[in-house]
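Summary of the model geometry
Here's the letter readout for the chains.
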Amino acid sequence: MVYWLHDHDIPQIELPKDKKILILFPHPDDECLTVGGTVPQLLKNNCEVTLVVLTKGERGTDDAHLDPQLGEIRTREMEHSARILGVTHLIQSDFEDGNLNQLKVTLQKYVHELLVQQQPDIVITYDLSGMYGHEDHIALSEAATFLMQKFFPEVMLWYASFPQKMYQQVSLPDYMATSDTFRSRIASPTARIYTGLSTLTKIQALYAHESQRYSFKKAFPAWLPLWFVTSLFVYEYFSIQE
Ligand SMILES: [Zn+2]
């Protein structure tokens, strides 16, 4: 099954050492299947990892209605996941979930300040397709991409991405996309990282997001236990921007 999910033509890369890594995601749980195995490996390599989560994920309900109480629950779940992954710093902000697209100016200012304060060597975020067209993912990726090209060209930008094979096997929630145009913006991975035993840490982090377990389950065949399918994610993929 690992064979069906992974693309062995994509080169495996050496992990960065002694670097400052800034990971930017809109929602609690975005970190799990994208970088959940890579983060512990980066930490072992003496990197400093700051994870920034922009919203409390208060729209993570089954019909995407707003539930402030859920936002509080997910904030705690995010703290739990960050502790499991061992991130050096977790910054949780309170942008309105589902509304980043309407907050472009504030968002850009916030990300700009982060880049100035954190002075990262590498920034990791979603690609310009938002992986499956989620508008919050796209808004953040666009803001980070614009700022880095214009003001921080020396900082490396890594898009967390999936190979085609994974797109074929996993049911991503692309019904959340407001238009189909995101498909042409999906970045092809240029590098993959073998996550080895850190895959177990990734599974634990994913289970920390208890309130979202149903949405992870929807991504995979119902008869397969979640821990088992997550254990197949032994490589994580990135599209490293030149
Ligand atoms: Zn998300």
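In the block above lies the structure referred to throughout.
Calculation criteria
Residues numbered from 1 in each chain as written. Predicted model: local features only at pLDDT ≥ 70, side-chain atom pairs only at ≥ 80, totals over all residues. Heavy atoms only, no water. Helix = DSSP H or I, 4+ residues; strand = E, 2+ residues; numbered from the N terminus. Rg over C-alpha atoms; globule rule 2.2 N^0.38 Å. Buried < 20%, exposed > 50% of the residue type's maximum accessible area, 1.4 Å probe, protein only. Areas by Shrake-Rupley, 256 points an atom, 1.4 Å probe, with all protein chains shown as cover. Lys, Arg positive; Asp, Glu negative; His and termini not counted. Charge placed at Lys NZ, Arg CZ, Asp CG, Glu CD. Pairing = 2+ DSSP bridges. Axes fitted to C-alpha atoms, helices over the stretch in contact; angles between N-to-C directions. Donors = N, O, S within 2.8 Å, 3.2 Å for Na, K, Ca; no water. Tetrahedral: all angles 85-135°; square planar, octahedral: opposite > 155°, others 65-115°. Contact = heavy atoms within 4.5 Å. Salt bridge = Lys/Arg side-chain N within 4 Å of Asp/Glu carboxyl O. 1 Å grid on protein atoms, 1.4 Å probe; cavity = no way out; pocket = protein on both sides within 12 Å on 5 of 7 lines; lining within 4 Å. Points joined across faces, edges and corners; volume = space filled by probe spheres on them. Nonpolar A, V, L, I, M, F, W, Y, C, P; charged D, E, K, R; others polar.

What the protein contains, in helices and strands, is 11 helices and seven strands. Its C-alpha atoms give the protein a radius of gyration of 16 Å, near enough to 18 Å, the size a compact globule of 242 residues would have. Along the three orthogonal principal directions, the C-alpha set of the protein runs to about 45 × 40 × 35 Å. Looking at the 242 residues of the protein, the share that counts as buried comes to 54%. Of the accessible surface of the protein, which amounts to about 11,200 Å², a share of 53% is contributed by carbon and sulfur atoms. Within the protein, one finds 20 positive and 30 negative side-chain charges whose respective centroids are separated by 3 Å.

The strand order β3-β2-β1-β4-β5-β7-β6 describes an open sheet built from seven strands, whose pairing is mixed. In the strand order of this sheet, the two ends are held by β3 (89–95) and β6 (191–194), each with one partner. The sheet shows a mean angle of 25° between the axes of neighbouring strands, direction not considered. Alignment of β6 against strand β7 (residues 235–241), held across four bridges, turns out to be antiparallel.

Right, let's get into the coordination of the zinc ion. Protein-derived coordination of the zinc ion comes from His-27 (ND1), Asp-30 (OD), Asp-30 (OD) and His-137 (NE2), at a distance range of 2.1 to 2.6 Å. Here the zinc ion binds four donor atoms, and the angle range of 54 to 127° at the metal identifies the geometry as irregular. The sequence pattern describing where the donors of the zinc ion fall on their chain is H-x2-D-x106-H. Taken as a pair, Asp-30 in helix α2 (residues 30–35) and His-137 in helix α7 (residues 135–151) lie far apart in primary sequence, 107 residues in all. Overall, His-137 belongs to the buried group, its relative accessible area being 0%.

So, on to the side chain of Thr-145. Residue placement: Thr-145 occurs in helix α7. Thr-145 has contacts with Leu-128, Leu-157 and Tyr-159, leaving out every residue within four places of it along the chain.

A word on the pattern of salt bridges. Under the counting rule described, the total for this entry stands at eight salt bridges. Residue Lys-56 is joined to Glu-72 by a salt bridge in which the shortest nitrogen-to-oxygen separation is 2.9 Å. Of this pair, Lys-56 sits in the loop between β2 (48–55) and α4 (68–85) while Glu-72 is found in helix α4, placing the two residues 16 residues apart along the sequence. Glu-236 is paired through a salt bridge with Lys-202; the nearest N and O atoms lie 2.5 Å apart. Here Lys-202 lies in helix α9 (residues 198–208) and Glu-236 lies in strand β7, a separation of 34 residues in the sequence. Residues Glu-236 and Lys-202 agree in their burial class; the two are buried. Members of the salt-bridge network, linked through shared partners, are Asp-174, Asp-180 and Arg-183.

One way to see where empty space is left: roll a probe the size of a water molecule over the atoms. Tallied over the entire structure, the rule returns one cavity of 30 Å³ or more. Put simply, the largest cavity is a space of about 40 Å³. As for the largest cavity, its lining consists of Leu-33, Thr-34, Ser-161, Phe-162, Met-166, Phe-233, Tyr-235, Glu-236 and Tyr-237. The set of elements that each furnish at least two residues to the lining of the largest cavity consists of α2 and β7. Class assignment for the residues of the lining of the largest cavity results in six nonpolar, two polar and one charged.

What the largest pocket holds in volume is close to 820 Å³. Elements with a contribution of two residues or more to the lining of the largest pocket: α2, α6 (130–133), α7 and α10 (213–218). Residue composition of the lining of the largest pocket, by class: 14 nonpolar, 11 polar and nine charged. In this structure, the second largest pocket spans a volume of roughly 210 Å³. As for the second largest pocket, its lining consists of Thr-145, Met-148, Gln-149, Phe-152, Pro-153, Glu-154, Val-155, Met-156, Leu-157, Tyr-159, Gln-241 and Glu-242. At the level of elements, α7 and β5 (156–161) are the ones that each hand at least two residues to the lining of the second largest pocket. A per-class count over the lining of the second largest pocket returns seven nonpolar, three polar and two charged.

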